[in-house]
Amino acid sequence: MHSISVIIPCHNNQRVLPWILRALRASECAGLEIICVDDASAEDIAPIVETFGARYIRLGEGEPGRRAMARNLGHQVAHGQVTLYLDGDIVPEPRIIRAAIHLHARHRKVVVKYPVYSIPEQDHTASIGLLAPLVISQDLPRLGPFVTKHCGIDTRPLPRRLRGKKTNIWVLCASHCTSIERHEVEDVGGWDESFLGWGEEDLELAYRLHLNGLSFVYPHRKHGAAYHLDHPTNWDERLDTLDRNVRYFRQKFPTAWSGRRSLLRFFLEENNLPQIPAIAAGFSDQA
């Protein structure tokens, strides 16, 4: 059986982190390693991590928003053959751990992107006592009243023939709940730490994995789903870093920009957000 390492970049997520760690431990899976990489949290989250038997690492001093750096540091100490990436506000169903091990034992050279659903803040805040046991119970239907939509790009419109099958569609592979064999990330040079703040570091890695011959799998939720616990967001700050990161991505891989641009425009429109300048800028504007 494959071993698996879960890498979680953390920043001031001390309220949600116990949910994440409890859900992972509920998988009761042998060979599970959990690594929490602290990116400039204001409060001490080490005791929470250690309570669940996970490994705690803290990045050096600096501004938060260094998810690529956090994931690279997690890789340096990880031992699992498979790596599962989680964001610090994503609670996975426990069965995802066994699903990841099974899928990667069955398919080589694949990236697996599991479905992620959003739960509005008022629901998970007001119902914390009710919601947490439901997540741990793996009971997706009973979570139905809380779940509003897919988080990020909804992969359900993919042709049925691609659901759970290998595809070369890399542009849907956001990192908030994604698994891959650890050596595949190392083979392409790891995460690009020039991406700072919010956006694009995960899709840039996905594109490099695509260039290196990997396929992408978007499994049905029967294999497990995860839940994004919505929270207040400073969109002005996020869109500013997104614009910068998009320009950097475009400079590295101009031929990949067309497909990424259309989906990015759709994401901003769907969430009633303003279009960032990089979408309208021509390729002559490389600043």
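All values reported here derive from a predicted model rather than from experimental measurement. (Residues numbered from 1 in each chain as written. Predicted model: local features only at pLDDT ≥ 70, side-chain atom pairs only at ≥ 80, totals over all residues. Heavy atoms only, no water.)

**Q** So, the overall build of the protein chain: which residues are in play, and what are the values?
**A** When helices and strands are counted, the protein chain shows twelve helices and twelve strands. In the protein chain, which comprises 287 residues, the share counted as buried stands at 55%. Taking contacts inside the protein chain between residues at least 6 apart in sequence as the whole, the part at least 24 apart equals 80%. Here the protein chain has roughly 12,600 Å² of accessible surface; of this, 52% comes from carbon and sulfur atoms. (Helix = DSSP H or I, 4+ residues; strand = E, 2+ residues; numbered from the N terminus. Buried < 20%, exposed > 50% of the residue type's maximum accessible area, 1.4 Å probe, protein only. Contact = heavy atoms within 4.5 Å. Areas by Shrake-Rupley, 256 points an atom, 1.4 Å probe, with all protein chains shown as cover.)

**Q** Which residues make up the sheet that holds strand E6 (residues 110-113), and what values do they have?
**A** Judged by pairing direction, the sheet is mixed, and its eight strands sit side by side in the order E3-E2-E1-E4-E10-E6-E11-E9 without closing on themselves. Unpaired on one side and paired on the other, strand E3 (55-58) and strand E9 (166-167) mark the two borders of the sheet. Most of the contacts of helix H4 (residues 95-106) go to strand E10 (residues 177-181), to which it runs at about 35°, and overall it touches strand E1 (4-10), strand E2 (32-38), strand E4 (82-86), E6 and E10. (Pairing = 2+ DSSP bridges. Axes fitted to C-alpha atoms, helices over the stretch in contact; angles between N-to-C directions.)

**Q** How would you summarise the packing of helix H10 (residues 235-252) against helix H11 (residues 257-270) if you had to cite specific residues and measurements?
**A** As a packed pair, H10 and H11 sit with axes 12 Å apart at the nearest point and diverge in direction by 170°. Overall, the two elements H10 and H11 adopt an arrangement that is roughly antiparallel. Note on element contacts: H11 touches H10 through Trp257, Arg260, Leu264, Phe267 and Leu268, opposite Trp235, Leu239, Leu242, Val246, Phe249 and Arg250. Grouping the constituent residues of the contact of H10 with H11 by class yields nine nonpolar, no polar and two charged. (Parallel < 35°, antiparallel > 145°, perpendicular 65-115°, else oblique. Nonpolar A, V, L, I, M, F, W, Y, C, P; charged D, E, K, R; others polar.)

**Q** Can you explain the pattern of salt bridges? Please cite residues and give values.
**A** Under the defined criterion, the tally for this structure stands at 15 salt bridges. Its salt-bridge partner being Glu184, residue Lys109 comes within 3.5 Å of it at the nearest N-O pair. Remark: Glu184 occurs in helix H8 (residues 182-187) and Lys109 occurs in the loop between H4 and E6; sequence separation between them is 75 residues. A relative accessible area of 34% means that Lys109 is categorised as partly exposed. We classify Glu184 as buried; its relative accessible area is 3%. In this structure, Asp243 and Arg247 form a salt bridge, with 2.9 Å as the shortest nitrogen-oxygen distance. (Salt bridge = Lys/Arg side-chain N within 4 Å of Asp/Glu carboxyl O.)

**Q** I'd like to hear about the nonpolar core, residue by residue, with values.
**A** Among the nonpolar cores identified, the biggest contains 42 residues, and Ile8, Leu17, Leu21, Leu24, Leu84, Leu86 and Ile97 are the most heavily contacted of them. Filtering out sequence-adjacent residues up to four positions away, Leu86 remains in contact with Val6, Ile7, Ile8, Pro9, Ile20, Leu24, Arg71, Pro92, His176 and Cys177. Core analysis: the second largest hydrophobic core is formed by 25 residues, Tyr85, Val188, Leu205 and Phe253 among them. (Core = buried A, V, L, I, M, F, W, Y, C linked by side-chain atoms within 4.5 Å.)

**Q** I'd like a description of the pairing of E2, backed by residues and values.
**A** Summarising burial for E2: seven of the seven residues are buried, a large majority. Of the two faces of E2, the one lined by Leu32, Ile34, Cys36 and Asp38 and the one lined by Glu33, Ile35 and Val37 are each fully buried. Both E1 and E2 contribute to a ladder of seven bridges, which runs parallel. The residue bridging Ile8 from the neighbouring strand is Cys36, located in E2. Once you follow E1 into helix H1 (residues 17-25) and on to E2, the crossover reads as right-handed. (Right-handed = clockwise from strand over helix to strand, strands pointing away.)

**Q** Describe the side chain of Ser41, listing the residues and the values that go with them.
**A** Within the secondary structure layout, Ser41 lies in the loop between E2 and helix H2 (46-51). Accessibility expressed as a relative area gives 5% for Ser41, which makes it buried. For Ser41, the side chain forms a polar contact with the main-chain nitrogen of Asn12, separated by 2.8 Å. The residues touching Ser41, leaving out its near neighbours within four places in the chain, are Cys10, His11, Asn12 and Arg58. (Polar contact = N/O pair within 3.5 Å; in protein donor to acceptor, adjacent residues only side chain to side chain.)

**Q** Requested: an account of H10, with residues and values cited.
**A** An ideal rise of 1.5 Å per residue puts 26 Å on 18 residues; H10 measures up with 25 Å between its terminal C-alpha atoms. Within H10, the full set of buried residues consists of Leu239, Thr241, Leu242, Asp243, Asn245, Val246, Arg247, Phe249 and Arg250. Buried residues belonging to H10 abut helix H9 (201-211), H11 and helix H12 (277-280). (Expected span 1.5 Å × (residues − 1).)

**Q** Please give an account of the packing of aromatic side chains that cites residues and values.
**A** One pass over the structure, following the stated rule, counts eight aromatic pairs. Note on Tyr85 and Trp191: the rings are 5.1 Å apart at their centroids and 80° apart in plane angle, and the pair reads as edge-to-face. Of this pair, Tyr85 sits in strand E4 while Trp191 sits in the loop between H8 and H9, and the two are 106 residues apart along the sequence. Taking the ring centre of Trp191 as reference, the NZ or CZ of Arg71 above it sits at 4.7 Å. (Phe/Tyr/Trp six-rings, centres within 6.5 Å; stacked < 30°, edge-to-face > 60°. Lys NZ or Arg CZ within 6 Å of the ring centre and 35° of its normal.)

**Q** Describe H11, and please don't skip the residues or the numbers.
**A** Its 14 residues place the ends of H11 20 Å apart at the C-alpha level, agreeing with the 20 Å of an ideal helix rising 1.5 Å per residue. Listing the buried residues of H11 in full gives Trp257, Arg260, Leu263, Leu264, Phe267 and Leu268. Down the axis of H11, the smallest arc covering the buried residues is 140°, so these residues share one side. Following H11 by one or two positions, Asn272 adopts a phi angle in the positive range, close to 55°. (Arc of directions from axis to C-beta.)

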